[in-house]
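Residue-level structure breakdown
Each chain, written out:
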Amino acid sequence: MNTMTYKGYLGSVAYSDKDKVFFGKIEGINGLVNFEGESVKELQAAFHEAVDDYLAYCKDEGIEPEKSYTGLLSVRLSPKVHRQIAMLAKQAGISINGFIKKTLEEKAQKAM
């Protein structure tokens, strides 16, 4: 997936060959906000405008702009990978959940 970022917000980006237009939406928000442009420059400007307009709307309405998450995540793994993670967690002296949490937090921190 192609993406762009602005003010900490992520926009997913795609292209419609039929319509000859780039389009996208702001991800991870409490709502659906789309944007489009006929060139990359237009698309980027439309994305920035969409984020700015959305933030202004949220401020005016007293709405939290970011989508809320529960913090609970269920992941399906193969038995082999499950065993490997269990062994790595044991070696680290922590629970499987603690190992997965630590690993994902480190990965997410590096990505930002």
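Our structure is the block above this text.
Residues numbered from 1 in each chain as written. Predicted model: local features only at pLDDT ≥ 70, side-chain atom pairs only at ≥ 80, totals over all residues. Heavy atoms only, no water.

**Overview of the sheet that holds strand β3 (residues 21-27)**
With antiparallel pairing, the four strands of this open sheet are ordered in space as β1-β2-β3-β4. Bordering the open sheet on either side are β1 (2-6) and β4 (34-37), each of which pairs with just one other strand. Within this sheet the neighbouring strands show an average axis-to-axis angle of 30°, counted without direction. Of the pairings in the sheet, the one linking β3 to β4 comprises four bridges and is antiparallel in character. In the strand pairing of β4, Phe-23 is matched with Glu-36. This element, helix α1 (residues 40-61), spans β1, β2 (9-16), β3 and β4 of the sheet and lies at about 155° to β4. (Pairing = 2+ DSSP bridges. Helix = DSSP H or I, 4+ residues; strand = E, 2+ residues; numbered from the N terminus. Axes fitted to C-alpha atoms, helices over the stretch in contact; angles between N-to-C directions. Contact = heavy atoms within 4.5 Å.)

**As for the pattern of salt bridges**
In the structure shown here, the tally under the stated rule is four salt bridges. When the shortest N-O distance is used, the salt bridge between Asp-17 and Lys-20 registers 2.9 Å. A relative accessible area of 47% means that Lys-20 is categorised as partly exposed. Note that Lys-101 is salt-bridged to Glu-105, the shortest N-O span being 3.6 Å. Residue Lys-101 and its partner Glu-105 are both found in helix α3 (residues 96-111); the two are separated by four residues, about one turn of the helix. On the basis of relative accessible area, Lys-101 is assigned to the partly exposed category, the value being 49%. Given a relative accessible area of 44%, Glu-105 falls into the partly exposed group. (Salt bridge = Lys/Arg side-chain N within 4 Å of Asp/Glu carboxyl O. Buried < 20%, exposed > 50% of the residue type's maximum accessible area, 1.4 Å probe, protein only.)

**Observations concerning the pairing of β1**
Of the pairings in the sheet, the one linking β1 to β2 comprises five bridges and is antiparallel in character. Bridge assignment links Met-4 to a residue of β2, and that residue is Gly-11. Counting the residues in the hairpin turn of β1 and β2 gives two residues, including Lys-7, whose phi is positive at 55°.

**Side note on the nonpolar core**
Among the nonpolar cores identified, the biggest contains 15 residues, and Met-4, Ile-26, Ile-29, Val-33, Phe-35, Phe-47 and Val-51 are the most heavily contacted of them. Those elements that provide at least two residues to this core are β1, β2 and α1. (Core = buried A, V, L, I, M, F, W, Y, C linked by side-chain atoms within 4.5 Å.)

**Quick notes on the packing of aromatic side chains**
The geometry of an aromatic ring pair is captured by two quantities: the separation of the ring centres and the angle between the planes. Here the structure, examined in full by the defined rule, presents three aromatic pairs. With centroids separated by 4.9 Å and ring planes inclined at 55°, the aromatic side chains of Tyr-15 and Phe-22 adopt a geometry described as tilted. By relative accessible area, Phe-22 is classed as partly exposed at 22%. Each ring, one from Phe-35 and one from Phe-47, has its centre 4.9 Å from the other, and the planes form 40°; the classification is tilted. Note that Phe-35 is positioned in strand β4 and Phe-47 in helix α1, a separation of twelve residues in sequence. (Phe/Tyr/Trp six-rings, centres within 6.5 Å; stacked < 30°, edge-to-face > 60°.)

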